[in-house]
Amino acid sequence: MKRKACAEVGIKSFDVDLPEQVSKAELVAKVHELNANPDVHGILVQLPLPKHINEEKILTEIIIEKDVDGFHPLNIGKLAMKGREPLFLPCTPKGCLELLSRSGITIKGKKAVVVGRSNIVGLPVSLLLLKADATVTVVHSHSQDPERIIREADIIIAAAGQAMMVKGSWIKPGAAVIDVGTNAIDDPSKKSGYRLVGDVDFKEASKVAGWITPVPGGVVQ
């Protein structure tokens, strides 16, 4: 999907395929090689990494000027600080705010709830919403009474990785709902034996929400 997206906008891309058993030293050496290559302007490390590899260590090895995923601690740190701008923003969180903007949805002063706190989506999208002057609450696995919290939201961004967790009854009428979750559930009627659903119960939520993204076909194609 990333290769296709690069081709569509005229970006030359190539893959570096490494075995799952690759050592940390070998992976770091490959990142350093790409850092030093003047013909490479951006580096994407496909996550998650194998369990024996420390994700933070590898992402930190990418020089900030080539951290096009926006996951380097310096980029995330600048995102978290008032008056600072990172060199790159994580693409899915940025896409969520772009969707809100292009849909004519005002963020400033609104109550936004982010469901999930991952480094890839939940955390950075909450910081972007805060920068856009929303009042932001993050719901996570230890949150008390998530239903009550979510029901107060004008904007909901679901990125918890829990199939159809957010029910239609949890949503304020007219709220904007962006569903980033992609979960496979059993479906014997499908040739594959499964179908993809989001973190939001789309059938229920679409009757209540003012705006909602489908899964598949929405934020994550």
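Residues numbered from 1 in each chain as written. Predicted model: local features only at pLDDT ≥ 70, side-chain atom pairs only at ≥ 80, totals over all residues. Heavy atoms only, no water.

Regarding the sheet that holds strand E2 (residues 135-139)
Here is step 1: Strand order in the open sheet formed by five strands is E2-E1-E3-E4-E7, with parallel pairing between adjacent strands. Edge positions in the open sheet fall to E2 and strand E7 (211-212), since each of these has one partner strand only.
Here is step 2: As paired strands, strand E3 (residues 155-158) and strand E4 (residues 176-179) are joined by four bridges and run parallel to one another. By the bridge assignment, Ala158 is partnered in E4 with Asp179. (Pairing = 2+ DSSP bridges. Helix = DSSP H or I, 4+ residues; strand = E, 2+ residues; numbered from the N terminus.)

Describing the side chain of Asp199
Here is step 1: Relative to the helices and strands, Asp199 resides in the loop between strand E6 (194-197) and helix H8 (202-205).
Here is step 2: Among the polar contacts listed, one links the side chain of Asp199 to the backbone nitrogen of Gln162, at a separation of 3.1 Å.
Here is step 3: A distance of 2.9 Å separates polar atoms of two side chains, one belonging to Asp199 and the other to Asn183.
Here is step 4: The residues contacting Asp199, other than those within four sequence positions of it, are Ala158, Ala159, Ala160, Gly161, Gln162, Ala163, Met164, Met165, Val166, Asp179, Gly181 and Asn183. (Polar contact = N/O pair within 3.5 Å; in protein donor to acceptor, adjacent residues only side chain to side chain. Contact = heavy atoms within 4.5 Å.)

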